[in-house]
Amino acid sequence: MNLLLLWEWLASVSAITLLFYYAQYKLRRQHLEKLAAELPGPKLLPFVGNLFYFFGVTHEGFIKRVAELGKSFGSEGLARIWLGHQLVVGVYKADTLEAILSNPKVIDKGYLFSFYKPRTTGSFATTGDVWKMHRRFTNKMFQPNYMERYINIFNEQSKVLNQYIAEHLINKAVDISRPVMHCTLDTICRTAFGAKMNLQDNETFTFVDDLSISSEIIVARMYKPWFYFDPIFRLTPDGKEMYMRVKRLHEFTKAVVDTRREAVEKFNSKLEENGNIKGVDSAGCIEELEPAPYLDVMIDYAKEEKLEEGVFLREVLDVIIGGADTSAIGDSYVLVLLGIHKEWQEKIHNELDDIFGDCERDVTMSDCNQMTQMDMVIKETLRLYTAPHSLRLLTEDVQLGKYIVPAGTTIYLAMYLLHRDPLYWERPLDFYPDHFLPENVAKRPKFSYLPFSHGPRGCPGSRYGVLSMKVVLANVLRKFKVECDLDFKKMEHKPSLMLELVGGYPVKLIPRRSSQHGSINN
Ligand code: HEM
């Protein structure tokens, strides 16, 4: 009897405690929920909110679901959904995106971005003072005086790519993204890290798959709240796969950092041998130490702050990924699109012939400025296939048109919808580089085109990225014609860091001049 009383007492106390915490929780969220109720969005179910919206959705289907949502609430420029207890507001019109991206106080990326943290903790995924420090370090590598040196490296590495194509890939349909990614990886390792990795000949290198598969799992986790709790996620096949792939990415990052450390040590000991006189050693010339504008400051910082190696590696991997993946995917899409749209390929070949003739010289900055057709093709490619989205967390209320969006909301920046909105684009679903004729650009609001996002957290590498694409593509297309059998209208895409083509980037490269087969010596 006493035991029964005790149980009743315990049950009542537990129920009262739970009610008390629930009431406190509801009170704290009163403001958020009240303002959220005013926002346009699909119907809600109790407790799960709009979670059912994403039940059973495949990775490719996710972006289509987002597009449906955009269509239903098109005129408002924003739509809210509840992912369980999380309020997410999608913004997809130039004015609503401008209000978010130009607001200097909106710099946090919020909880959902924390899923990137097992992989990277550099400027991409962090917030607050740590982000500011990273951003300062990253910006160092984009000082204008480095650009000429970078162009030399873009030329050097794209010639290695051409040689690889000539020796291994001629006249057969291959997924071009892998060799291109090895080229952009070798490039970023030189430009940001001063490390020569020579990846382009490495057939067993797994970085491309490790990055692409881990990115997919991280993005998919964001709309699957049942995977939010990490100890559970780690036990799932996806969780195990992600952690295994991330471990390999960190091993590669360590190899890059170690290569740089060895190069610095070797240089310093040579310098010492020479009585600290730069330039000449006993055997002739000593190589100048290649600048590593990003990594050297990070190494010093890690020493000062006594960062553990694992933390340090997570911090530098961001720049490897940002620098290599985005431009490689961009280059691969351009080659696919030119293989399908032959009239544009011809325009590009004519433009390159006008600039270079038969001359085998390197591409210069001034050449890049003359590539107007190439510029339009790259811009149109990035309109269609840049990063489909990004996130921000509101730390205070923000006015968006006639709505007040409350602090605590996760903002989903829907570049995918913006870039396909008929309000801004004459032929939104086609590959139509004329969208970027000066007279057409002048008709659109500034925030209708955001391939690099914008504002304090916009991409710091946009200029580097476009220059690298121009040099790599110009060098490849000076040598090769490209064919692609895909049907543009049937191409399927999935969200990763960038939008990615389902099934890879199958193109056939054919030498423009018969003498090129098997040997590219320029
Ligand atoms: C075609 C090339 C590129 C594209 C399309 C691209 C696109 C983007 C986008 C959309 C963002 C997200 C911004 C946001 O959340 O608002 C971003 C961020 C970033 N990108 Fe790029 N990017 C490119 C090249 C590069 C390169 C070459 C680097 C470095 C060498 C780089 C480094 C970064 C970093 C570090 C961030 C995080 C910035 C921050 O949160 O402060 N990107 N990029």
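Residues numbered from 1 in each chain as written. Predicted model: local features only at pLDDT ≥ 70, side-chain atom pairs only at ≥ 80, totals over all residues. Heavy atoms only, no water.

1. With respect to the sheet that holds strand 3 (residues 174–175)
Moving on, step 1. Strands sit in the order 3-13-10 across an open sheet of three strands; the sheet is antiparallel. Strands with a single pairing partner mark the edges of an open sheet, and in this sheet they are strand 3 and strand 10 (480–483).
Moving on, step 2. As judged from the four bridges shared by strand 10 and strand 13 (residues 506–511), these two strands associate in the antiparallel manner. Among the inter-strand pairings, Val482 is bridged to a residue of strand 13, identified as Leu509.
Moving on, step 3. Contacts between helix 18 (residues 462–479) and the sheet are confined to strand 10 and strand 13, with strand 10 contributing the most and set at about 95° to the helix. (Pairing = 2+ DSSP bridges. Helix = DSSP H or I, 4+ residues; strand = E, 2+ residues; numbered from the N terminus. Contact = heavy atoms within 4.5 Å. Axes fitted to C-alpha atoms, helices over the stretch in contact; angles between N-to-C directions.)

2. Describing the UniProt feature "binding site: heme" (unreviewed entry) in the chain
Moving on, step 1. This chain's UniProt record puts "binding site: heme" (unreviewed entry) on Cys459.
Moving on, step 2. For Cys459, a relative accessible area of 37% puts it in the partly exposed group.
Moving on, step 3. Leave out the neighbours within four places in its chain, and Cys459 touches Arg135 and Phe452. (UniProt positions renumbered as here; feature names shortened; annotations may be inferred. Buried < 20%, exposed > 50% of the residue type's maximum accessible area, 1.4 Å probe, protein only.)

3. So, the site of the ligand
Moving on, step 1. The environment of the ligand is formed by 24 residues, the closest being Trp131, Ser390, Arg392, Ser453 and Cys459.
Moving on, step 2. One of the side-chain nitrogen or oxygen atoms of Arg392 is found 2.5 Å away from an oxygen atom of the ligand.
Moving on, step 3. Within the side chain of Ser453, a nitrogen or oxygen atom sits 2.4 Å from an oxygen atom of the ligand.
Moving on, step 4. Top element by residues in the shell around the ligand is helix 12 (residues 309–340). It accounts for three residues.
Moving on, step 5. Among the residues making up the shell around the ligand, the classes are represented as twelve nonpolar, eight polar and four charged. (Near = heavy atom within 4 Å. Polar contact = N/O pair within 3.5 Å; in protein donor to acceptor, adjacent residues only side chain to side chain. Nonpolar A, V, L, I, M, F, W, Y, C, P; charged D, E, K, R; others polar.)

4. Quick notes on helix 5 (residues 128–140)
Moving on, step 1. Taking 1.5 Å of rise per residue, 13 residues should cover 18 Å, and helix 5 covers 19 Å from first to last C-alpha, within 8% of that figure.
Moving on, step 2. Among the residues of helix 5, those classed as buried are Trp131, Met133, His134, Arg135, Phe137 and Thr138.
Moving on, step 3. For helix 5, the secondary structure elements touched by its buried residues are helix 11 (295–304) and helix 12. (Expected span 1.5 Å × (residues − 1).)

5. Remarks on the state of the cysteines
Moving on, step 1. All chains considered together, the criterion is met by zero disulfides.
Moving on, step 2. Its sulfur unpaired, Cys189 is 11 Å from the next cysteine sulfur, which belongs to Cys183.
Moving on, step 3. Looking at Cys189, the relative accessible area reads 0%, which means it is buried.
Moving on, step 4. Just so you know, Cys484 is unpaired, no disulfide at all, and the nearest cysteine sulfur is the one on Cys183, 20 Å from it.
Moving on, step 5. When its relative accessible area of 9% is taken as the criterion, Cys484 is described as buried. (Disulfide = S-S within 2.5 Å.)

6. Brief notes about the sheet that holds strand 6 (residues 390–393)
Sheet strands line up and pair through hydrogen bonds in the backbone, either parallel or antiparallel.
Moving on, step 1. Spatial ordering of the open sheet is given by 1-2-9-6, a layout of four strands whose pairing is mixed. In the strand order of this sheet, the two ends are held by strand 1 (78–83) and strand 6, each with one partner. Across the sheet, the axes of successive neighbouring strands diverge by a mean angle of 25°, strand direction being ignored.
Moving on, step 2. For strand 6 and strand 9 (residues 410–413), the ladder comprises four bridges, and the chain directions are antiparallel. Paired with Arg392 across the two strands is Ile411, which belongs to strand 9.

7. Some details on the side chain of Asp318
Moving on, step 1. Looking at the element boundaries, Asp318 is found in helix 12.
Moving on, step 2. With no salt bridge to any partner, buried Asp318 finds its closest opposite charge in Arg119, at an N-O distance of 6.5 Å.
Moving on, step 3. If we ignore the near neighbours within four places in the chain, the residues touching Asp318 are Thr120, Thr121, Gly122, Ser123, Phe124 and Ala125. (Lys, Arg positive; Asp, Glu negative; His and termini not counted. Salt bridge = Lys/Arg side-chain N within 4 Å of Asp/Glu carboxyl O.)

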